[in-house]
Amino acid sequence: MSSIIQKNSQQFLYQQVIELIEAMQSAGSLRAGDKLPSLRKLSQQLDVSIPTIKQAYIELERLGRVEARPKSGYFIRSGGFDISTPKKPKFISRPVPVRCQTLIEEAYDAVHSTNILPLGISHPVMACPADKNLARIMRRVLASAGPKVMAYGPMDGYLPLKRQVVQRYLERGVAARHEDLVITNGAQEALAIAVQCVAKPGDIVAVESPTYFGILELIENLGMMALEIPTCDEGLCLDDLVESLDKHDVKACLFSSLINNPTGAGLSDEKRQQLVEIVESRNIPLIEDDVYSELHFFDKDTIPMQAYSKKGLVITCSSFSKTAAPSYRIGWVLSNRIEQRAKGFKRAISCSSSLLNQWVINEYLRSGDFDRNIRRLRQILRTNKDRMRNLIAECFPPKTRVSDPKGGGVVWVELPVGCDSTALFHKAVEAGISITPGTLFSASGKYKRHTRISYGLPWTIEVEAAIEKLGQIAYQLLE
Ligand SMILES: Cc1ncc(COP(=O)(O)O)c(C=O)c1O
């Protein structure tokens, strides 16, 4: 490699380094999302000084070709392709009863069928699984705790775990108490409890549009009405929200305003503070679905909306499904306003959550391995996100748009006019690939040209081949 750098050339050494990196990009040996070698390593490989390499990286950053990530290094940006993000949906919001199509079952079946590449599920921890660590801890807990751990646990959760979850919220600026936290079977049960604590059948619940289909299924099954509020690149549109709240008698808001599923869009801290003020000034409870908050791509940790609440109307629901393992089914509701009702609901619905699983997660947190894995997972997801966006831009028909997530493990793809995402879904399943059709993310059948694709899995040539195949199918659908 060192012979490539000509020390007696007229060209500055740092420019030669830049050209070398560009050549590697053109040849495909460096791709969007890849990490550049450390300053020290490249300086040794090229036999030039560290300041020279640093100058090259800074210049590449100035040109927008690479990005510096604090404490992580320099990464190749998605470049050379103009990847537009999906357009803001335009519609007049009005409350509608939700009708989740049979398509939801088909989408779940597809994910769980054998020999299928599961790009249709949001299971981001798959990109950096914790299974070996968790299995080791599980064996240790079973050996040391004995029959105690096989008993019913406390109805509102295993206290040491509750304390640790609360501690994590304290570190993020929320004055949480363990008495206000109820452990649930995943975030889905937490959401079910929270929404039933503040609304009844027939009531209107405001949701983001698009939103996670599990939320829509919940609203449908509880006989409530959904009021869809448009989202844009920056997340929920606050002006649209205000207009809708002025018009309709909304009994609760249920938002993932930090990292939306499916778009990955998220409001800034200021906007989320504004959001809390908007709903609390109208005395409307706000259920914060916070499952992806630890998987953000920001430089600093995020502040839950609960921290901005002055009236205690914010209820936070989350889980370890996206950060440790969904099969453990450990989640929680945090609220200092509805905690007694939440405990009652929890007892009535499922008595208590698995003590064994809570015990294991508690040990996993205590060991520090949870935080170490999360840090790695975030880096992998961020790299995968860039690769996925770039590859879709390369392989899909022109005018395809792809969201640029602020975290999580999925992208939201808007297909060109004439390309139906349900047809894409069916043809993809035939080809051994699962994706999630867009209409599942709307209460009123919107997003027929959108699809959600997961990058939350190890990046392999099979994933690349699957995206190429999806692109080919999308082209065929346009013919
Ligand atoms: C936004 C959102 N909320 C809630 C859930 C449900 O989480 P859990 O598996 O913890 O029930 C999911 C799962 O995909 C999700 O994406």
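Just so you know, these numbers come straight off a predicted model, no measurement behind them.

Asker: Explain the state of the cysteines to me, please; I cannot follow it from the model alone.
Answerer: The bond known as a disulfide is covalent and runs between the sulfur atoms of two cysteines. Taken as a whole, this structure holds 0 disulfides when the rule is applied. Lacking any disulfide linkage, C419 is separated from the closest cysteine sulfur, that of C395, by 14 Å.

Asker: Before we go on, may I ask you to explain the sheet that holds strand β16 (residues 436-437) in this structure?
Answerer: Across a sheet, strands are paired by hydrogen bonds formed along the backbone, either parallel or antiparallel in direction. Taking strand neighbours across the sheet as the criterion, the 4 strands line up as β13-β14-β17-β16 in an open arrangement whose pairing is antiparallel. Either end of the sheet is taken by a strand with one partner, and the two such strands are β13 (401-402) and β16. Pairing of β16 with strand β17 (residues 450-454) involves 2 bridges; the strand directions are antiparallel. Looking across to β17, one finds that P437 is bridged to T451.

Asker: I keep staring at the nonpolar core and nothing clicks. Help me out?
Answerer: Note on soluble globular proteins: their nonpolar side chains tend to be buried together. Membership of the largest hydrophobic core comes to 76 residues, with the highest contact counts inside it found for L119, F320 and I453. Of all the elements, helix α13 (residues 369-395) adds the most residues to this core, at 8 residues. If you count residues domain by domain, this core takes at least three from each of domain 2 (96-126 + 372-478) and domain 3 (130-370). The contact partners of F320, leaving out residues within four places of it in the chain, are L161, V165, A325, I330, W332, I361, L365 and F370. Formed by 32 residues, the second largest nonpolar core is a distinct cluster that contains V96, L218, C317 and V333.

Asker: Please explain the pattern of salt bridges as it appears in this structure.
Answerer: Between side chains of opposite charge, pairing is possible as soon as their charged atoms come close. Following the criterion strictly, the structure yields 28 salt bridges and no others. The closest approach of N and O atoms between D34 and R387, which form a salt bridge, is 2.7 Å. Of this pair, D34 sits in the loop between α1 (13-26) and α2 (39-46) while R387 sits in helix α13; the two residues are 353 residues apart in sequence, bridging distant segments of the chain. Since its relative accessible area comes to 14%, D34 is described here as buried. Exposure remark for R387: the relative accessible area of 24% places this residue in the partly exposed category. The salt bridge partner of D246 is R282, with a shortest N-O separation of 2.8 Å. Of the two residues, D246 sits in helix α9 (residues 238-247) while R282 sits in the loop between α10 (269-281) and β10 (286-289), which places them 36 residues apart along the sequence. Overall, the relative accessible area of 56% leaves D246 in the exposed class.

Asker: Explain helix α14 (residues 421-430) to me, please; I cannot follow it from the model alone.
Answerer: Side chains of residues three or four places apart in an α-helix project in the same direction, reflecting 3.6 residues per turn. Buried within α14 are the following residues: S421, T422, L424, F425 and A428. Taken around the axis of α14, the buried residues stretch over an arc of 155°, which confines them to a single face. In this fold, the buried residues of α14 make contact with α4 (103-112), β15 (433-434), β16, β17 and α15 (461-478). Where α14 starts, the residue carrying a side-chain oxygen 3.2 Å from the main-chain nitrogen of T422 turns out to be D420. At the C-terminal side of α14, G432 shows a positive phi close to 85°.

Asker: Looking at this structure, I do not really get the domain arrangement of the protein. What am I missing?
Answerer: Many analyses report the size of an interface as the accessible area lost when the parts associate. The domains assigned to the protein are domain 1 (2-76), domain 2 (96-126 + 372-478) and domain 3 (130-370). With centres defined by C-alpha atoms, the gap from domain 1 to domain 2 works out at 33 Å. Roughly 730 Å² is buried in total at the junction of domain 1 and domain 2, and carbon and sulfur atoms are behind 34% of that figure. By the criterion of area lost to domain 2, the three top residues of domain 1 are R31, A32 and R69, representing 59% of everything that side buries. Two residues, E67 and R382, come together in a salt bridge whose shortest N-O distance is 3.0 Å. At the boundary of domain 1 and domain 2, one finds 4 residue pairs in polar contact (both at pLDDT 80 or more).

Rules behind the numbers
Residues numbered from 1 in each chain as written. Predicted model: local features only at pLDDT ≥ 70, side-chain atom pairs only at ≥ 80, totals over all residues. Heavy atoms only, no water. Disulfide = S-S within 2.5 Å. Pairing = 2+ DSSP bridges. Helix = DSSP H or I, 4+ residues; strand = E, 2+ residues; numbered from the N terminus. Core = buried A, V, L, I, M, F, W, Y, C linked by side-chain atoms within 4.5 Å. Buried < 20%, exposed > 50% of the residue type's maximum accessible area, 1.4 Å probe, protein only. Domains from an automatic or database assignment. Contact = heavy atoms within 4.5 Å. Salt bridge = Lys/Arg side-chain N within 4 Å of Asp/Glu carboxyl O. Arc of directions from axis to C-beta. Polar contact = N/O pair within 3.5 Å; in protein donor to acceptor, adjacent residues only side chain to side chain. Buried area = accessible area lost by both parts, 1.4 Å probe.

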